[in-house]
Amino acid sequence: MAARKRGSTKASPPPSPETTTTHQIEPPIAPPKKALIFKFSLFFSIPYFYLLYQHYMIDQDLRRPILINAALCVAGFFLTQRMIPVASRYVSKRGLFGFDINKKGTPQGDVKVPESLGIVVGIVFLVLAILFQYFNFTADSNWLVEYNAALASICFMILLGFVDDVLDVPWRVKLLLPSIAALPLLMAYAGHTTIIIPKPLVSYVGQEVLDLGWVYKLYMWLLAIFCTNSINIHAGVNGLEVGQTVVISSAIVIHNLMQIGASSDPEYKQAHAFSIYLVQPLLATSLALLSYNWYPSSVFVGDTYTYFAGMTMAVVGILGHYSETLLIFFLPQVLNFLLSLPQLSGYFKCPRHRLPRFNPETGLLTGTRDGTLINFYLRIVGPKSEKSLCIHLLFLQALGCCFCFMLRYFLAGWYK
């Protein structure tokens, strides 16, 4: 659900020789916003290296693969930045472009913006994840089966997301796509199906650990569907889809480092290290995409990216065994889903683009009655510019992640 109106994909008549040299070449997209990425990288690297080297005594056997993974991610960041302009020319030639609805009535609203550039991020992510196997996993590794199953689900989701971008499938079909992509993960999952009962409820349940069996796998399946679609429907503003992924991914990396440093259980540490191995490539490639997708967007990410990002975070939450924490990181997405439910379920009319109303004279966005967090926020705080609105929503996302860390800190030892 991007803030765009898809351009016509009808085949145009072949150009005359006179116009070939003047009209066939699409103008290059705007250069990446490197200053924005540098500021965020600097801000994120401080707690990252502090936790990795100073605050916790993390074993060298775990620190080494984490840093190797990080080095691959740096290379993946620059590779993604180089590939996006190249890929944008190809998708534009094939009619995969859109017009920014939130700029309608201005000169920027008539610019053809290349779409579905999430495919670049997905491909680079898979290359990084596959190359990393050479440095960390042996043929008899217990984690290799689940690692490959995770990659299979993510790859499946990238494929289905790109199919959605090309075919533009209806909403009800969109909800089914993640359920199909999650099957490789569910079939290969060999971890525990137990949950730890919160201490205040142990006396009522009669046991500290409860085995849910197939119900746990059903829960994982529903979690994958929710995470994937929640990123997709909390969208419509330049930079929001990628920005929320960057914020949540950063929180996941910090959370995993904290759990590795605080735990003495080798299996528990490995589970969180496994999560880092997949989240760091997601964060690096997403930052490269954000440098082009930040306001004003040079490219649109498409459903390919939103599905891919949601599935990746669902996979690491499931295999890292912190799905409860992941849901708290997704608090704005949960709220957006609850606000959207009456329209998505068909109880109220659901327009194709549930976007705020843009005023070309003032350049501000005003909230409509559609049930999205974006419109709800604008109805509360009043009209905002698109860039300012995105910053506010990402700050709200960061507050949700901070709330999760505070909740875990205050409830540690009492709740579980």
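In what follows, the structure referred to is the one given above.
Residues numbered from 1 in each chain as written. Predicted model: local features only at pLDDT ≥ 70, side-chain atom pairs only at ≥ 80, totals over all residues. Heavy atoms only, no water.

For the chain, the helix and strand inventory stands at 16 helices and seven strands. A compact globule built from 416 residues would reach a C-alpha radius of gyration of about 22 Å, and the chain, at 22 Å, matches this within 12%. The dimensions of the chain, computed from C-alpha atoms along their principal axes, are 75 × 45 × 40 Å. Burial status across the chain gives 52% buried among its 416 residues. Restricting the contact set of the chain to residue pairs at least 6 apart, pairs at least 24 apart contribute 76%. Approximately 19,900 Å² of the chain is accessible, and the part contributed by carbon and sulfur atoms is 67%. A gap of 8 Å separates the mean positions of the 31 positive and 22 negative side-chain charges of the chain. (Helix = DSSP H or I, 4+ residues; strand = E, 2+ residues; numbered from the N terminus. Rg over C-alpha atoms; globule rule 2.2 N^0.38 Å. Buried < 20%, exposed > 50% of the residue type's maximum accessible area, 1.4 Å probe, protein only. Contact = heavy atoms within 4.5 Å. Areas by Shrake-Rupley, 256 points an atom, 1.4 Å probe, with all protein chains shown as cover. Lys, Arg positive; Asp, Glu negative; His and termini not counted. Charge placed at Lys NZ, Arg CZ, Asp CG, Glu CD.)

We now examine a nonpolar patch on the surface. Taken together, the side chains of Leu159, Val163, Val166 and Leu167 define a hydrophobic patch exposed on the protein surface, amounting to about 360 Å² of accessible area. For Leu167, the position within the fold is in helix α5 (residues 144-167). (Patch = residues over 30% accessible without salt bridge, like charges linked within 9 Å, V, L, I, M, F, W, Y side chains within 5 Å. Salt bridge = Lys/Arg side-chain N within 4 Å of Asp/Glu carboxyl O.)

Now for unusual backbone geometry. Here the residue pair Tyr295 and Pro296 is connected by a cis peptide bond, since its omega of -10 degrees sits within 30 degrees of zero. Residue position: Pro296 is located in the loop between α11 (266-293) and α12 (302-319). With a phi angle near 65 degrees, Ser116 is a residue other than glycine that sits in the positive phi range. Looking at where Ser116 falls in the secondary structure, it is placed in the loop between β3 (113-114) and α4 (118-136). Residue classification places Ser116 among the buried residues on the basis of a relative accessible area of 0%.

Per the stated rule, a full pass over the model turns up 22 aromatic pairs. Relative to Phe99, the ring of Phe97 lies with its centre 5.9 Å away and its plane at 85 degrees, an arrangement referred to as edge-to-face. Linked through ring pairs, Phe132, Phe137, Trp143, Tyr147, Phe274 and Tyr277 together constitute an aromatic cluster. Cation over ring: Lys93 sits above Tyr90, and NZ or CZ is 5.6 Å from the ring centre. (Phe/Tyr/Trp six-rings, centres within 6.5 Å; stacked < 30°, edge-to-face > 60°. Lys NZ or Arg CZ within 6 Å of the ring centre and 35° of its normal.)

The next subject is the environment of Ala30. Along the chain, the position of Ala30 falls in the loop between α1 (17-23) and α2 (34-55). Sequence separation between Ala30 and His392 is 362 residues, and the spatial gap between their C-alpha atoms is 24 Å. Sequence-distant contacts of Ala30, that is, excluding residues within four places in its chain, are made with Tyr292 and Ser298.

In this structure, Cys404 sits in helix α16 (residues 386-411). Since its relative accessible area comes to 0%, Cys404 is described here as buried. If near-sequence neighbours (up to four positions away) are discounted, Cys404 is found in contact with Thr325, Ile328 and Phe329.

The next subject is the nonpolar core. Ranked by size, the top nonpolar core spans 108 residues in total, and within it Tyr147, Ile252, Leu257, Leu278, Leu289 and Phe330 carry the most contacts. With 15 residues, the single largest contributor to this core is α11. If we ignore the near neighbours within four places in the chain, the residues touching Phe330 are Phe226, Cys227, Ser230, Ile231, Ile248 and Met313. (Core = buried A, V, L, I, M, F, W, Y, C linked by side-chain atoms within 4.5 Å.)

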